[in-house]
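Below, each chain spelled out in residue letters.
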Amino acid sequence: MTRTTRMARRRRCAALAVTTALLGAGVGLNAPPATAVPAAAVAAGATIVAEKWLDARTVDLTVASPAVGASLPVRVVLPTGYAAQPDRTWPVLYLLQGAHDDYTSWTRETDVVDFLAGQNVITVMPSSGPTGIPTDWWNYGSAGAPDYETFQVDELMGVLQQKFRAGTKRVVAGVSTGGYGALAFAARHPGTFTAAASYSGILDTTAFGMPTVLNAIVAREQLLPLTLWGSPLLNRDNWNRHNPSAQAANLKGTKLYISQGSGLAGGDFDNLEGAVLEGALWSQAHRFTDRLDALGIPAQVHFYNGGAHAWPYWRQEFKASWPMLAAGLGLS
């Protein structure tokens, strides 16, 4: 079985697990394991502990993150003109993974390496952990809870500035839970990202059915759902602090692209599980854009009939959103 086939099967199983949860299945489970960061890395901040060049433009880094308490993989793709301009700084495009996938997904499933070759941008694809939810975990209030948000927004940017001459201008885009991350980052760190794009993201985390979806994603990786942000009822304030919809007012001034398919209602029976999951996200995406409208915050929105929670649709949406992202990066 090839890696692509294994990954596709795993994503289908993940979609089926979430779909099953939506139909009422229960969950179980263990606390998340921890991988210690070397003491020197904790003292000095995030550091690169290994790097592997895949070609002249693509390098896989291993970054020791004090915020997460682990060493994490990150893929970086440089523009074609990078080596020839040693004194230049470059804007940064973040591409965030989806649930139950990994940091290689964007280069495995899309042609971003070739598509962005002529663009003057550094592209970074960080790990968001096994669930693909790039957030600071609650873990019952533990001081040592993994914080993927600080890793990606702060620590990683410091590494990119030191090692790859990254500039201060950056944009973020993501699929599924990465779409959540893109809008959550932009809302929770106003002004840090000039543009953000979500493709089938979870954008109203407290909308009907969305806590169940998120709990299923966490449980799929054999983690306790309450370790994410706590109880959706008892820890509602924490859920709202992490909810792009609840924090939407902070998106004023950020260029936005939101896309979402209707899923099963559109009759996409080639990927039944993906269509069901896509459809489950339909109404909450509308709630989020309604919230933007109420706040007078403009966004480029593409709600389309049918579709599935899958890469063939996200590849199209990324390219459709690229002019907006490029404008946010200051590229012509």
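Quantities reported herein were computed from a predicted structural model and do not represent experimental measurements.

**Student:** Hey, could you run me through the nonpolar core in this one?
**Tutor:** In this structure, V76, Y94, I122, L160, L183 and L251 are the most contacted members of the largest nonpolar core, which totals 60 residues. The element best represented in this core is helix α5 (residues 148-164), accounting for eight residues. Ignoring anything within four residues of it in the chain, the contact list for L160 reads V76, V92, V124, R165 and A166.

**Student:** It is not clear to me how the side chain of T131 should be interpreted in this structure. Could you clarify?
**Tutor:** Along the chain, the position of T131 falls in the loop between β5 (122-126) and α5. Under the relative-accessibility criterion, T131 is labelled buried at 1%. A distance of 3.2 Å separates the side chain of T131 from the backbone nitrogen of I133, its partner in a polar contact.

**Student:** When you look at the environment of G144 in this model, what are you seeing that I'm missing?
**Tutor:** With respect to the element layout, G144 can be found in the loop between β5 and α5. Taking the C-alpha atoms as reference points, G144 and A67, 77 residues apart in sequence, are found 8.3 Å from one another.

**Student:** Mind showing me how you'd approach the pattern of salt bridges here?
**Tutor:** Oppositely charged side chains are able to pair whenever their charged atoms sit close together. Enumeration according to the criterion identifies nine salt bridges in this entry. Between R108 and D101 there is a salt bridge, with the nearest N and O atoms lying 2.9 Å from each other. With relative accessibility at 7%, the residue D101 sits in the buried group. Its salt-bridge partner being D136, residue R188 comes within 3.5 Å of it at the nearest N-O pair. Within this pair, whereas R188 is found in helix α6 (residues 177-188), its partner D136 is found in the loop between β5 and α5, the two being separated by 52 residues in sequence. The structure contains a network of salt bridges with shared partners spanning D101, D102, R108 and E109.

**Student:** Can you help me understand the packing of aromatic side chains in this one?
**Tutor:** Note on aromatic pairs: each is described by the distance of the centres and the angle between the planes. Under the criterion given, the structure shown has 16 aromatic pairs. Their ring planes at 85 degrees and their centres at 5.0 Å tell us that W229 and W239 sit as a pair that is edge-to-face. Of this pair, W229 sits in the loop between α7 (210-220) and α8 (236-241) while W239 sits in helix α8, placing them 10 residues apart in sequence. In this structure W229 comes out as buried when scored by relative accessible area, which is 0%. A ring pair is formed by Y304 and Y313, whose centres lie 6.2 Å apart and whose planes are at 10 degrees; its orientation type is stacked. For Y304, a relative accessible area of 11% corresponds to the buried category. Grouping aromatic residues by their ring pairs yields a cluster made of W106, F115, Y199, Y257, W311, W314, F318 and W322. Stacked on the ring of W90, the Lys or Arg R88 has its end atom at 4.3 Å from the ring centre. The ring of Y82 carries the charged tip of R165 above its face, separated from the ring centre by 4.2 Å.

**Student:** So what exactly am I meant to see when it comes to the sheet that holds strand β8 (residues 255-261) here?
**Tutor:** The strands that make up a sheet are held in pairs by hydrogen bonds between backbone atoms, and each pair lies either parallel or antiparallel. Read across the sheet, nine strands follow the order β1-β2-β3-β5-β4-β6-β7-β8-β9 without closing on themselves; strand pairing throughout is mixed. Two strands lie at the open edges of the sheet, namely β1 (47-53) and β9 (300-304), each paired on one side alone. Taking each pair of neighbouring strands and ignoring which way they run, the sheet shows an average axis angle of 20 degrees. Judged from the five bridges that link them, β8 and β9 form a sheet pairing that is parallel. Bridge pairing in β9 places Q260 opposite F303.

**Student:** Is there a simple way to think about the environment of T168 in this case?
**Tutor:** Within the secondary structure layout, T168 lies in strand β6 (residues 166-175). Using a relative accessible area of 68% as the deciding quantity, one classes T168 as exposed. Taking the C-alpha atoms as reference, T168 lies 8.4 Å from T192; in sequence the two are 24 residues apart. Here T168 is in contact with M157 and Q161, once residues within four sequence places are set aside.

Parameters at a glance
- Residues numbered from 1 in each chain as written.
- Predicted model: local features only at pLDDT ≥ 70, side-chain atom pairs only at ≥ 80, totals over all residues.
- Heavy atoms only, no water.
- Core = buried A, V, L, I, M, F, W, Y, C linked by side-chain atoms within 4.5 Å.
- Buried < 20%, exposed > 50% of the residue type's maximum accessible area, 1.4 Å probe, protein only.
- Helix = DSSP H or I, 4+ residues; strand = E, 2+ residues; numbered from the N terminus.
- Contact = heavy atoms within 4.5 Å.
- Polar contact = N/O pair within 3.5 Å; in protein donor to acceptor, adjacent residues only side chain to side chain.
- Salt bridge = Lys/Arg side-chain N within 4 Å of Asp/Glu carboxyl O.
- Phe/Tyr/Trp six-rings, centres within 6.5 Å; stacked < 30°, edge-to-face > 60°.
- Lys NZ or Arg CZ within 6 Å of the ring centre and 35° of its normal.
- Pairing = 2+ DSSP bridges.
- Axes fitted to C-alpha atoms, helices over the stretch in contact; angles between N-to-C directions.

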